[in-house]
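Topology and contacts: notes
Residue strings, one per chain:
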Amino acid sequence: MFGRRKDVVYKVLSTKKRAVALHKLSAELETPAPALLKTVKELESEGLVEVFYGGVDKASIMVRAKTLEDYFGSEV
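Points about the sheet that holds strand 1 (residues 20-21)
Taking strand neighbours across the sheet as the criterion, the 3 strands line up as 1-3-2 in an open arrangement whose pairing is antiparallel. Looking at which strands have only one partner, the edges of the open sheet turn out to be strand 1 and strand 2 (49-53). Both strand 2 and strand 3 (residues 61-65) contribute to a ladder of 5 bridges, which runs antiparallel. Along strand 3, the bridge assignment pairs Glu 50 with Arg 64. In this fold helix 3 (residues 33-45) packs onto strand 2 and strand 3, with an angle of close to 120 degrees to the strand it touches most, strand 2.

Calculation criteria
- Residues numbered from 1 in each chain as written.
- Predicted model: local features only at pLDDT ≥ 70, side-chain atom pairs only at ≥ 80, totals over all residues.
- Heavy atoms only, no water.
- Pairing = 2+ DSSP bridges.
- Helix = DSSP H or I, 4+ residues; strand = E, 2+ residues; numbered from the N terminus.
- Contact = heavy atoms within 4.5 Å.
- Axes fitted to C-alpha atoms, helices over the stretch in contact; angles between N-to-C directions.

Without other data, these values stay purely geometric and don't point to any function.
Structure follows, in structure tokens:
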């Protein structure tokens, strides 16, 4: 079941064009933030998403799916 959750989280993130705050993603997916953070950290360890702190609210955790452009630069 956990692998399926990772797939859903990644698909949602990959359809967004920019980073999204973890708490907003948590509300959108109706998932508790701690459980979502654990899933996001596993996706980060697989190299599929980028987790960083900042954005408009410097205390927020931001998440962004990596794309082919992230791996190959602007050549794609």
